[in-house]
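Structure assessment
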Amino acid sequence: MGLKDLHLKLKAFRLRRFLIGDGKRKKKGTEFTRRPSWMMPVSHGYYVVEDQSFRGGSDDFECSSVVVQREPVGDIECWFFGVSDSQIADGIHKYIQSHLFSKNPNEAQVRRNSKEIMRKAYLCARAKIRETYEADEIWRAGSVSALVMNAEKLVTAYMGDYRAVVCRNGVAHQISSWDQQSGKRLWSRRLMSVRILGFNLGKAKQPRGSELVIAAERIDSSTEFVIIASPGIWEVMQNQEAVNLIRHLEDPKEAAGCLAKEALNRMSKSSIACLIIHFD
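The shown structure was predicted, so the numbers you read here are calculated from the model rather than taken from an experiment.

By the criterion of burial, strand β8 (residues 163-168) is predominantly enclosed, with 5 of the 6 residues buried. Pairing geometry for β8 and strand β11 (residues 223-229), over 6 bridges, is antiparallel. Looking across to β11, one finds that R168 is bridged to T223. Two strands pair when backbone bridges link them, and β8 and strand β9 (residues 171-174) are joined in this way by 4 bridges, in the antiparallel orientation. By the bridge assignment, R168 is partnered in β9 with V171.

This paragraph deals with the packing of helix α7 (residues 239-246) against helix α8 (residues 252-265). For the pair α7 and α8, the least separation of the axes is 9 Å and the interaxial angle reads 130°. On the basis of the axis angle, α7 is oblique to α8. As α7 packs across α8, the resulting crossing turns out to be right-handed. Each of A242, L245 and I246 in α7 lies in contact with α8, whose residues at this interface are A255, C258, L259 and E262. Tallied by class, the residues present in the contact of α7 with α8 amount to 6 nonpolar, no polar and 1 charged.

Further remarks concern the environment of A151. Mapped onto the elements, A151 comes out in the loop between β6 (143-149) and β7 (153-159). Distance in space between the C-alpha atoms of A151 and P41 is 6.8 Å, their sequence separation being 110 residues. Sequence-distant contacts of A151, that is, excluding residues within four places in its chain, are made with P41, V42 and I219.

Quick look at the sheet that holds strand β10 (residues 212-218) now. The antiparallel open sheet is built from 5 strands, whose spatial order is β4-β5-β6-β7-β10. Looking at strand neighbours, the two that pair on one side only are β4 (65-73) and β10, the edges of this open sheet. For this sheet the average axis-to-axis angle between neighbouring strands, irrespective of direction, equals 10°. Here 9 bridges tie β4 to strand β5 (residues 76-84), and the two strands are oriented antiparallel to one another. Residue pairing across strands places V66 opposite V83, the latter belonging to β5. Running at roughly 0° to β4, helix α2 (residues 89-101) makes contact with β4, β5 and β6 of the sheet.

Counted by the stated rule, this structure contains 8 salt bridges. Its salt-bridge partner being R247, residue E224 comes within 2.9 Å of it at the nearest N-O pair. One end of the pair, E224, is in strand β11; the other, R247, is in the loop between α7 and α8, and 23 residues separate them in sequence. Residue class for R247 comes out partly exposed when judged on its relative accessible area of 43%. Here E241 makes a salt bridge to R266, at a shortest N to O gap of 3.0 Å. Of this pair, E241 sits in helix α7 while R266 sits in the loop between α8 and β12 (273-279), and the two are 25 residues apart along the sequence. With relative accessibility at 34%, the residue E241 sits in the partly exposed group. What makes R266 partly exposed here is its relative accessible area of 33%. Here the salt bridges share partners, and the residues they tie into one network are E241, E262 and R266.

What counts and how
- Residues numbered from 1 in each chain as written.
- Predicted model: local features only at pLDDT ≥ 70, side-chain atom pairs only at ≥ 80, totals over all residues.
- Heavy atoms only, no water.
- Buried < 20%, exposed > 50% of the residue type's maximum accessible area, 1.4 Å probe, protein only.
- Helix = DSSP H or I, 4+ residues; strand = E, 2+ residues; numbered from the N terminus.
- Pairing = 2+ DSSP bridges.
- Axes fitted to C-alpha atoms, helices over the stretch in contact; angles between N-to-C directions.
- Parallel < 35°, antiparallel > 145°, perpendicular 65-115°, else oblique.
- Left-handed = near helix turned anticlockwise from the far one by under 90°.
- Contact = heavy atoms within 4.5 Å.
- Nonpolar A, V, L, I, M, F, W, Y, C, P; charged D, E, K, R; others polar.
- Salt bridge = Lys/Arg side-chain N within 4 Å of Asp/Glu carboxyl O.

In structure tokens:
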């Protein structure tokens, strides 16, 4: 092969490499190019019991509502999941819609502000309830939400008797914030010191629904699924019980139905609604 032929072959190879790539992951700025959003392995299923009057509940019983929304925000695939009572559900979802999905923020803003957006959604919705309902109704308001970004980051919020539980390698973990945990430890130390002085405040309780828990964590290979559910699930079963009951089920809709029906079998009288988020 002559020098000229070798030169032409080298140019052809460089052109081909430019057009189709070299088979390696390319960088865009300082980050690897991500897979398209439709390739992200997130699936979900939910189940709502709409009528529990046969359980001896009150005549004004209202079932919890479920919200699911999937939107591309820049290069991020965002999922919003919510299980809430009727008082607060609409307010939270409208805030997320207007301050996240409709604003079309860039990727950095979404990753940086997602936790704060969730916090403000709950605070604003709770403030509107204060304007409409009596004080005792405010503490009855409850909700749990999850924001999933590219199946990489999970932001959760809940208040009242609603709850979020994540299964990692078969073990149930109730999602909580560091501030809440440290606050409980601080309260425990104070309570102990008061008892030493001869007082007993053991029966003192925080108002129901007064705590708002916001947390963010990474989704990794150990994260199997998340349960977000209403009080009707959690008043009759422990976190690990719920995880053990559905872990073998691959279909999240079937898993949600299994949890709800088990809560009914255990004579739960609170609203029963649950949503399962699977990470495949």
